Amino acid sequence: MAAEREPPPLGDGRPTDFEEQEDGEDLFTSTVSTLESSPSSPEPTSLLTEDVSTNSNGPKPAEVVLDDDREDLFAEATEEVSLDSPEREPILSSEPSPAVTPVTPTTLIAPRIESKSMSAPVIFDRSREEIEEEANGDVFDIEIGVSDPEKVGDGMNAYMAYRVTTKTSLSMFSKSEFSVKRRFSDFLGLHSKLASKYLHVGYIVPPAPEKSIVGMTKVKVGKEDSSSTEFVEKRRAALERYLQRTVKHPTLLQDPDLRQFLESSELPRAVNTQALSGAGILRMVNKAADAVNKMTIKMNESDAWFEEKQQQFENLDQQLRKLHASVEALVCHRKELSANTAAFAKSAAMLGNSEDHTALSRALSQLAEVEEKIDQLHQEQAFADFYMFSELLSDYIRLIAAVKGVFDHRMKCWQKWEDAQITLLKKRETEAKMMLANKPDKIQQAKNEIREEIEEWEAKVQQGERDFEQISKTIRKEVGRFEKERVKDFKTVIIKYLESLVQTQQQLIKYWEAFLPEAKAIA
Amino acid sequence: MMEGLDDGPDFLSEEDRGLKAINVDLQSDAALQVDISDALSERDKVKFTVHTKSSLPNFKQNEFSVVRQHEEFIWLHDSFVENEDYAGYIIPPAPPRPDFDASREKLQKLGEGEGSMTKEEFTKMKQELEAEYLAIFKKTVAMHEVFLCRVAAHPILRKDLNFHVFLEYNQDLSVRGKNKKEKLEDFFKNMVKSADGVIVSGVKDVDDFFEHERTFLLEYHNRVKDASAKSDRMTRSHKSAADDYNRIGSSLYALGTQDSTDICKFFLKVSELFDKTRIKKQNITSNPDALPHLQLPSESPPPAMKIEARVSADEDLKLSDLLKYYLRESQAAKDLLYRRSRSLVDYENANKALDKARAKNKDVLQAETSQQLCCQKFEKISESAKQELIDFKTRRVAAFRKNLVELAELELKHAKGNLQLLQNCLAVLNGDT
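Please read these numbers as outputs of a predicted model, since none were measured by experiment.

Engineer: What should I look at first to understand the overall build of chain B in this one?
Structural biologist: In terms of regular secondary structure, chain B is built from 12 helices and three strands. Per-residue burial for chain B yields a buried fraction of 53% across its 433 residues. Considering only residue pairs separated by 6 or more positions, chain B has 77% of its internal contacts joining residues 24 or more positions apart. Total accessible area on chain B stands at roughly 20,800 Å², and carbon and sulfur atoms take up 54% of it.

This is the structure we're talking about:
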């Protein structure tokens, strides 16, 4: 099972391969969970973890999952889990390494549509990037839209189907414009596949939107009210952002799973995303195990950069959460304000009616109209508040959780390496003892065994070291990329938000200017 | 924490006074001018310094001040209400009790939670609460002042002896607040009165004017009540939204100072936009009848979202307070009408009694005198009531006009200010990126 693969010629090693082979056995040696080591995936390309014998043809209950609470408990560990669904095998086993195309995941900067700047804080493979770009010959150009939510089916088995439209000039896709229909669990399935392949080697995989029982149930039940349409819209926008972020990542873009998701008209149903399935339960247990694990690993951080970055992300996380809470409060209050303004408008209209001084009466009615329009304004502003600002913040909070997860993986990697070293040491001690013991016959056989084991462990130690270095390198690049993205994202969104505020004020001015002469006209 | 904001329109200018009821002319204003020059807030009570300037011979001096508490104002108001001679006038509504409870509670909670927040946050919130406290305080001062000025402006009421005592007597009036028993009595009195009011209102009035006024006032009063409540809610949500901006500002600031990338400049600039470094609430003139108010020095243009808080404060002043005041005034007008109807009913009863007495030829003289009295009373009330109601309308229209114009102007000013700040900020941000 632990057949090591050759690194592809281009060089820095394909971390994905190695990890897959070894992790099955070694990853959780220091942890509590024994489930992983239990016999599971018979496939040679078993991927990270924790999996499952039971689920593939498991029951397909309605998409509604009842474990939102529990998932939230371990929210930050969401991305660490991957599923091993039989559907994936045909894609994966055919290639030497799953997530690959000849391009190695080193392009730190995804050349964007606008600029081709190659400046990045951390670049180890500049030369290779240039080579790759030429090889690709494409400008990074891909646009994804999620639209047309449609309710399919009835009752508790109903679901919303979204249309995913891709427009691209990239050569790897067969057409330049195409669209498919996907449902929410498909997105979750895509995410879990990507996460299983890339997270543990240090790539920051954008997290998928969260499940929501309440929202979905309302939709299924067929309640056609504003809250369910709002929910669908919120979800649609979130799915769009998710896909856009995912394709921006140069490595993930190359992934065949992603391509299949975008292109193929029929996608095998990702049942493992259901929480009640065996996979789901396994996931939860593992999350718990991970949480415990994290607390027990004491890593000697030799690289100050990582420590610094981790601290930074911790702070950033806190700050973002606070900001998010305030923005959510703002959205709530604005909606309240809008409702109260509408009520006041009606009341003022009534007052104007009963006022017997004609000019004043007219002015009061005008006031009522102005307030009504202002109420509309407030509503629109509340939408802007929410969709631009608040959702951006919640996306980033989840992204940072993914980043933290990546750092945790690095820790685990280090732990593995450490453990290998310790085992090697023990084996060497045993050997040394044997040498001293001096019992000729038994010794030879035992010595050979020990020798073999030592060699094995030496290799593992080396591998561990390599892996650790690789993951550290990857993380550095990823973090650099992430920071750039973050800056860009925030700037764009905040500017857009401010522009929406500007619009609101301009409208306000118009309304009050119209009202003023009326007020002055009261004789 | 003071600032002036377009103080011009807030001042009671001479022209505005001209819009007031015709009874009031400039001369009488000179004869008796009352204002509250100072106020002190102690644990439970507020002490107002009532300052009078008068050329009337009744007073010993031309200018003097006394210290009064809220209960003494209420005592004065009640003495007017209970005075039969004033039955035909709209008694200026009593000022509401100073209510700092909510504010005090918040300050207390803040004190308790001091440990859990950063020093910055604490000082900020403290400032906010202090400003709120100050705003409420100013409002209550203004309302007491309005009351006194209305009395002083009324040609009949200003001559009231109790009023003069109130203004001049520099000892404590020993007006204790009503104890429980008296409050209970009041409660019953009110119930009887409203029941009576229902009976009395059933009587159709001979005079069209009064009939019309009655229906009008009834409806108007209810609608003003509704509008006042809704306006209150609206300004309160506005205020909470403005507070949120404040918090967003400080979070952005924290983000900006902690961030290592070049986005920190960005955050800092935006946080400037949102942040309130000091709370600004506009100075209070809740008096729709307009009085000189404390003038405050103006300040340099504040960050945009401070403006949001100002907007909500202005709305509160110009709209909510206006409506609240007219709620009370319309109640007072209703009371006048009630008294008149009561006297009409009495008059009619007296007539019937007289007829009965004449028929029986017993106690005729008595019945006649009582009928005479009732007649006189009724006519007196009717006459003055008519004038009062007309004045009420004029005052109301003027007040609404003034406040609505000011509201619109302030909203415009704020919106324009806000707009400019946002555009400036956007220019800077776009220039950076």
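Engineer: Which parts of the structure should I look at to understand the interface of chain B and chain A?
Structural biologist: Size of an interface: often given as the accessible area lost when the parts come together. Counting residues at the interface gives 63 residues for chain B, matched by 56 residues for chain A. If you look at where chain B meets chain A, you find five salt bridges. Viewed at the interface, chain A and chain B are joined by 16 residue pairs in polar contact (both at pLDDT 80 or more). Going through the elements one at a time, helix 9 (208–258), helix 10 (263–274), helix 11 (304–360) and helix 12 (364–432) of chain B are the ones with two or more residues in the side of chain B that touches chain A. Residue classes in the side of chain B that touches chain A are distributed as 33 nonpolar, 13 polar and 17 charged.

Engineer: Would you take a moment to explain the environment of R486(A) for this structure?
Structural biologist: Residue and element names in this part refer to chain A. The residue R486 is located in helix 13 (residues 440–520) in this model. With relative accessibility at 2%, the residue R486 sits in the buried group. Sequence spacing of R486 and L399 is 87 residues, and the spatial spacing of their C-alpha atoms is 9.9 Å.

Engineer: Honestly, the packing of aromatic side chains in this entry has me stumped. Any pointers?
Structural biologist: Pairs of aromatic rings are described using the distance from one ring centre to the other and the angle between the two planes. Residue and element names in this part refer to chain A. Applying the stated criterion across every chain yields a total of 24 aromatic pairs over all chains. On the basis of an interplanar angle of 50° and a centroid distance of 5.9 Å, the ring pair of Y396 and F482 is categorised as tilted. Taken as a pair, Y396 in helix 12 (residues 358–437) and F482 in helix 13 lie far apart in primary sequence, 86 residues in all. You'll find Y396 and F482 in the same group, each marked buried. The interplanar angle of 50° and the centroid separation of 5.1 Å between the aromatic rings of Y396 and F490 together place this pair among those described as tilted. Residue Y396 is located in helix 12, and its partner F490 is located in helix 13; the two are separated by 94 residues in the primary sequence. Just as Y396 is buried, F490 falls in that class too. These aromatic residues form a ring-pair network of at least three members: W305, F306, F313, Y396, F407, F482 and F490. Taking the ring centre of F261 as reference, the NZ or CZ of R182 above it sits at 5.2 Å. Here R235 stacks its cationic end above the ring of F184, 3.5 Å away from the centre of that ring.

Engineer: Is there a simple way to explain the pattern of salt bridges in this structure?
Structural biologist: Once the charged atoms of two side chains with opposite charge are near each other, the side chains can pair. Residues and elements named next belong to chain A. In total, this model carries 45 salt bridges over all chains according to the counting rule given. With its nearest N and O atoms 3.5 Å apart, the salt bridge here joins R398 to D395. With R398 and D395 both in helix 12, this residue pair falls three residues apart, about one helical turn. For D395, a relative accessible area of 5% translates into the label buried. Among the charged side chains, a salt-bridge network with shared partners connects R241, R245, E391, D395, R398 and D489.

Engineer: Is there a simple way to think about the packing of helix 5 (residues 101–112) of chain B against helix 6 (residues 119–153) of chain B in this case?
Structural biologist: When two helices pack together, their arrangement is given by the angle between their axes and by how far apart the axes lie. Residue and element names in this part refer to chain B. At a closest axis distance of 10 Å, the pairing of helix 5 and helix 6 adopts a crossing angle of 165°. Between helix 5 and helix 6, the interaxial angle falls into the category roughly antiparallel. Of the two elements, helix 5 crosses helix 6, and the hand of that crossing is left-handed. In this structure, helix 5 contributes S103, R104, K106, L107 and L110 to the contact, and helix 6 contributes F122, M125, K126, L129, E132, Y133 and I136. For the contact of helix 5 with helix 6, the per-class residue count stands at seven nonpolar, one polar and four charged.

Thresholds applied
- Per chain, the residues get numbers from 1 upward, laid out in the order the sequence is written.
- Key to labels: chains lettered from A, ligands numbered from 1, both in the order written.
- In view of the model being predicted, local features appear only for residues whose pLDDT reaches at least 70, and side-chain atom pairs are presented and counted only at 80 or more, with totals across whole chains, interfaces and linings using the full set of residues.
- Only hydrogens and water are removed before side-chain values are computed, so all heavy atoms of the structure are retained for them.
- Under the DSSP-based scheme used, a helix requires at least four consecutive residues in state H or I and a strand at least two consecutive residues in state E, with every element numbered from the N terminus.
- Here the term buried applies to any residue with accessible area under 20% of the maximum for its type, exposed to any over 50%, and partly exposed to those in between, with areas from a 1.4 Å probe on protein chains only.
- Residue contacts are defined here by distance: any two heavy atoms, one from each residue, within 4.5 Å place the two residues in contact.
- Computed with the Shrake-Rupley method and a 1.4 Å probe, the accessible areas treat only the protein chains shown as cover for residues.
- Each salt bridge in this description consists of a side-chain nitrogen of Lys or Arg and a carboxyl oxygen of Asp or Glu lying within 4 Å of one another.
- Here a polar contact means two N or O atoms within 3.5 Å. Within protein one must be a hydrogen donor candidate and the other an acceptor candidate, and residues neighboring in sequence count only if both atoms are side-chain atoms.
- The residue classification treats Ala, Val, Leu, Ile, Met, Phe, Trp, Tyr, Cys and Pro as nonpolar and Asp, Glu, Lys and Arg as charged. All others, Gly included, are polar.
- Here a pair means two rings of Phe, Tyr or Trp (six-membered ring of Trp) with centres within 6.5 Å. Their orientation is stacked below 30 degrees between planes, edge-to-face above 60, and tilted elsewhere.
- Charge-over-ring placement is defined geometrically: NZ (Lys) or CZ (Arg) within 6 Å of the ring centre, and within 35 degrees of the ring normal.
- Fitted lines through C-alpha atoms serve as axes, helices being fitted only where they are in contact, and the angles separating the N-to-C directions of these axes extend from 0 to 180 degrees.
- To sort the angles, those under 35 degrees are grouped as roughly parallel, those over 145 as roughly antiparallel, those from 65 to 115 as roughly perpendicular, and the leftovers as oblique.
- In this scheme the crossing of two helices becomes right-handed for a clockwise turn of the near helix relative to the far one and left-handed for an anticlockwise turn of less than a right angle.

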